[in-house]
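Next come the chains, spelled out residue by residue.
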Amino acid sequence: MSVLSLLLLFIIIYFCAKAIGSIWHDAFGTIDGSEQKPRSRTRQQNTASKPEKDEQPIGKGEGEYVDYEEL
């Protein structure tokens, strides 16, 4: 095999191993079994502020009534 073919083969193997490792990490955690904190880079929001819209109870007159009939 030529040098370029070997280089391409190693690059393909590298990206396949990286993808398999990512799938493994998403499914089972880390490869060695130890727990780590999630790698989320989202901003921490202050939970002391008012609750999000989905967490608020439905007030009087709010909500949606759906009238359906089974066929």
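Since this is a predicted model, take the numbers as computed values, not measurements.

*Asks:* Where do I start with the overall build of the protein in this structure?
*Replies:* When helices and strands are tallied, the protein shows one helix and zero strands. For the protein, the computed accessible surface area is about 8000 Å², with 58% contributed by carbon and sulfur atoms.

*Asks:* What is the right way to read the packing of aromatic side chains from this model?
*Replies:* In this description, a pair of aromatic rings is defined by centroid distance and the angle of the planes. In the structure shown here, the tally under the stated rule is two aromatic pairs. On the numbers, 5.2 Å between centres and 65 degrees between planes, the contact of Tyr 14 with Phe 15 is edge-to-face. The class for Tyr 14 is partly exposed, based on a relative accessible area of 48%. Ring centres of Trp 24 and Phe 28 lie 4.6 Å apart, and the angle between their planes is 50 degrees; this geometry places the pair in the tilted category. Of the two residues, Trp 24 and Phe 28 are both situated in helix α1 (residues 3-28); the distance of four residues between them amounts to about one turn of the helix. With a relative accessible area of 41%, Trp 24 lands in the partly exposed category.

The rules we used
- Residues numbered from 1 in each chain as written.
- Predicted model: local features only at pLDDT ≥ 70, side-chain atom pairs only at ≥ 80, totals over all residues.
- Heavy atoms only, no water.
- Helix = DSSP H or I, 4+ residues; strand = E, 2+ residues; numbered from the N terminus.
- Areas by Shrake-Rupley, 256 points an atom, 1.4 Å probe, with all protein chains shown as cover.
- Phe/Tyr/Trp six-rings, centres within 6.5 Å; stacked < 30°, edge-to-face > 60°.
- Buried < 20%, exposed > 50% of the residue type's maximum accessible area, 1.4 Å probe, protein only.

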